[in-house]
Structure formats: C-alpha cells, structure tokens
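Read off the chains here:
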Amino acid sequence: MIARDIDRIDHSVLYTTDMDATAAAYEALGFTLSPLSLHMGSDRPGGERRPMGAGNRCAVFGRTYLELLGLYGDGSVDPWNIRPLIAQYEGLHGYSFGCTDIETAEKRLRAVGLSSSGVLPLQRDVDTPDGVARARFQAVHLDRALTPEGLIHAAYHLTPELIHQPRYLEHANGATGLYSVLLVVDEADLESTVARYALILDTEPVTEGPVHVLPLPLGRVEVVAVSAFRAMMPGEPVPALPYMAGQAVSVRDVRAARDLVEGNGFTTRDMPGGFFVGAAQARGAALAFLEM
C-alpha cells in the first residue's frame with residue numbers, strides 16, 4: 001500500500017443563500033442532516049479565531065460527508081471570500097480532501113507551488129447528546145488563484161467523533177458515503193486541470209471514456225471537458241467554467257433510494273449504476289445515487 005497524506009474526499013461543500021430551502025430539499029432527498037453549526041476560524045496560522053460569516057448542516061456517513069454551507073451576518077465578515085462565488089451561481093463551490101498527516105500535506109503542497117496558507121485552525125460548536133462541544137480541525141488551503149473552480153482545501157479532523165455522531169449516520173435513502181465529485185472544464189483547460197489535481201492528490205489519473213478520474217483510497221475526483229459533459233448529462237446547466245457540476249453518493253439499494261426520491265416529488269434520470277437528480281432540483285449541483 002502507498003502511504004498517502006491525502007486519502008479521501010472528506011466532504012463536498014454546496015453553497016446556499018437559503019439554508020432552510022436547501023436543507024428541506026436534502027431532507028426530502030432522504031438525508032439526515034445535522035443541526036446548524038456556525039464556523040469560527042483564523043485566516044493565518046496562530047491567528048485569532050473569529051466568526052467566519054458562515055454556518056453549515058451536514059449529511060454525515062462515518063468518514064465522508066456532504067456539507068450545506070449558508071451565509072450568515074451582514075456580509076462584512078467573509079474571510080474565505082465566499083460571496084463572490086455564490087454571486088456566480090449557488091451550488092458546489094468547494095471540496096475538502098481528508099488528511100492522514102496535515103503537516104506533510106502542507107509541506108508537499110507548498111513545495112509544488114499550490115499552497116501558501118500554512119496550517120490553519122478551524123472550529124465550530126456542535127450539539128451532542130451531552131450538550132454543546134467544540135469540533136476542531138486543521139486545514140491547508142489551496143491558493144485561490146490556482147483553483148478557479150472554488151475553495152479547495154485539505155483538512156485534518158482533531159475531533160471526528162463530534163462530526164460523525166452515530167445518531168446522524170442513518171439516512172432514509174440508504175446513503176453510505178460520498179463517492180465522487182464531478183468537475184467540468186473548458187476543453188483547452190482539461191489537460192492542465194487533470195495535471196493539477198494529480199499534484200494536489202498525489203495520485204495518477206486514469207481515463208474512463210471521456211472522464212478523467214483521480215482515484216483516492218476513498219472517493220474520486222472526475223474531470224470532464226464541457227462538450228463531453230453535455231453529451232453525458234444533456235440539459236444540465238453550465239453556468240460558468242470551470243464548474244463543479246455534481247456529486248455522487250453510494251447507497252445500499254438504488255431501487256429503494258429511487259422510490260423514495262421520486263415519491264418525494266423529484267424527477268430522476270438514468271445513469272450507469274444508478275440515477276441522478278438534476279441541478280435545478282438538487283439546489284445547484286446534480287446529485288447521483290449509485291449502488292455499491
């Protein structure tokens with residue numbers, strides 16, 4: 001086995017200005033969501049922690065999760081520069097890659113010119129059966145000028161048990177994990193984007209038809225040119241390029257998941273291995289359900 005400092009897609013980040021509507025949609029899609037949790041953090045190593053102008057609700061699976069990130073406050077606090085991203089479109093604007101060794105990841109990413117953030121602290125208060133506790137993380141941010149698709153970072157959980165609480169792990173749709181994320185790019189940028197993610201993740205890309213796959217021990221990043229995406233998922237929007245167009249979750253029983261999703265009023269479409277709900281109904285990013 002190859003030792004990796006990044007070993008998984010820890011979570012995806014779907015940005016919204018209407019947390020209530022977005023959370024209601026994901027609950028109707030069959031996900032159990034954690035309560036709202038507001039972020040505190042610093043924009044530099046050792047810096048003072050302060051409100052980040054954002055809060056989340058999550059669908060957690062044990063080692064991976066989907067994050068619904070909402071904006072809070074008057075907009076004067078936005079250290080992650082989230083608001084310009086949402087102004088483009090609401091939907092997926094971020095990935096977090098899980099680390100086994102945050103210090104090694106930081107040194108490797110800095111050495112190849114992808115990050116200069118250092119290791120940053122992040123925390124947020126979460127409800128537990130025993131009261132409020134403080135979840136703590138460490139993160140390394142990729143330089144935003146090099147990630148036009150959104151906010152990309154590697155993260156290490158100091159208190160994973162506070163995020164992946166057993167009471168939130170069961171989902172009505174049978175979801176068991178975040179399987180993949182899909183990035184759509186201009187044809188001219190395809191080769192360089194694949195090469196960049198190979199450096200970020202320290203993995204070798206493989207091709208599956210028109211899709212370039214960056215595999216991890218848990219999860220995978222898929223990159224596709226916009227012309228191929230339009231053939232793969234006709235009718236799906238492309239509001240900007242590059243575009244985080246979708247994500248896929250693994251489920252125990254794809255037929256049961258589809259019955260639930262359709263029964264709650266969503267339109268589904270076939271895809272190899274399962275089905276998907278389009279971005280218009282899934283709050284800005286296509287959501288696939290795959291049995292595995």
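All values derive from a computational prediction rather than experimental measurement.

The next point concerns unusual backbone geometry. Across the chain, the bulk of peptide bonds are trans and the bulk of non-glycine residues have phi less than zero. In this model, L241 is joined to P242 through a cis peptide bond whose omega is -5°. When you line up the elements, P242 lands in the loop between α6 (226-232) and β13 (243-251). The phi dihedral of D202 falls on the positive side, at around 55°, and the residue is not glycine. Relative to the assigned elements, D202 resides in the loop between α5 (190-201) and β10 (206-208). With a phi close to 65°, R283 is a non-glycine residue in the positive phi region. For R283, the location among the structural elements is in the loop between β15 (274-277) and β16 (286-291).

Take the packing of aromatic side chains next. According to the stated counting rule, one finds six aromatic pairs in the structure shown. Considering the side-chain rings of F31 and F61, the 6.5 Å spacing of their centres and the 65° angle between planes classify their relative orientation as edge-to-face. Of this pair, F31 sits in the loop between α1 (19-28) and β2 (37-41) while F61 sits in the loop between β3 (50-60) and β4 (65-71), and the two are 30 residues apart along the sequence. Through successive ring pairs, a cluster of aromatic residues spans Y26, F31, F61, F275 and F289.

Attention shifts here to the layout of surface pockets. Space inside the largest pocket adds up to approximately 420 Å³. If you go around the largest pocket, you meet 23 residues; those closest to its centre are L182, V211, E222, M232 and M271. Of all the elements in the fold, those that place two or more residues in the lining of the largest pocket are β9 (175-185), β11 (211-215), β12 (220-225), β13, β14 (268-271) and β16. Among the elements that make up the lining of the largest pocket, the one with the highest residue count is β9 (four residues). Residues of the lining of the largest pocket, tallied by class, amount to 15 nonpolar, four polar and four charged.

Each value, and the rule that gives it
- Residues numbered from 1 in each chain as written.
- Predicted model: local features only at pLDDT ≥ 70, side-chain atom pairs only at ≥ 80, totals over all residues.
- Heavy atoms only, no water.
- Helix = DSSP H or I, 4+ residues; strand = E, 2+ residues; numbered from the N terminus.
- Phe/Tyr/Trp six-rings, centres within 6.5 Å; stacked < 30°, edge-to-face > 60°.
- 1 Å grid on protein atoms, 1.4 Å probe; cavity = no way out; pocket = protein on both sides within 12 Å on 5 of 7 lines; lining within 4 Å.
- Points joined across faces, edges and corners; volume = space filled by probe spheres on them.
- Nonpolar A, V, L, I, M, F, W, Y, C, P; charged D, E, K, R; others polar.

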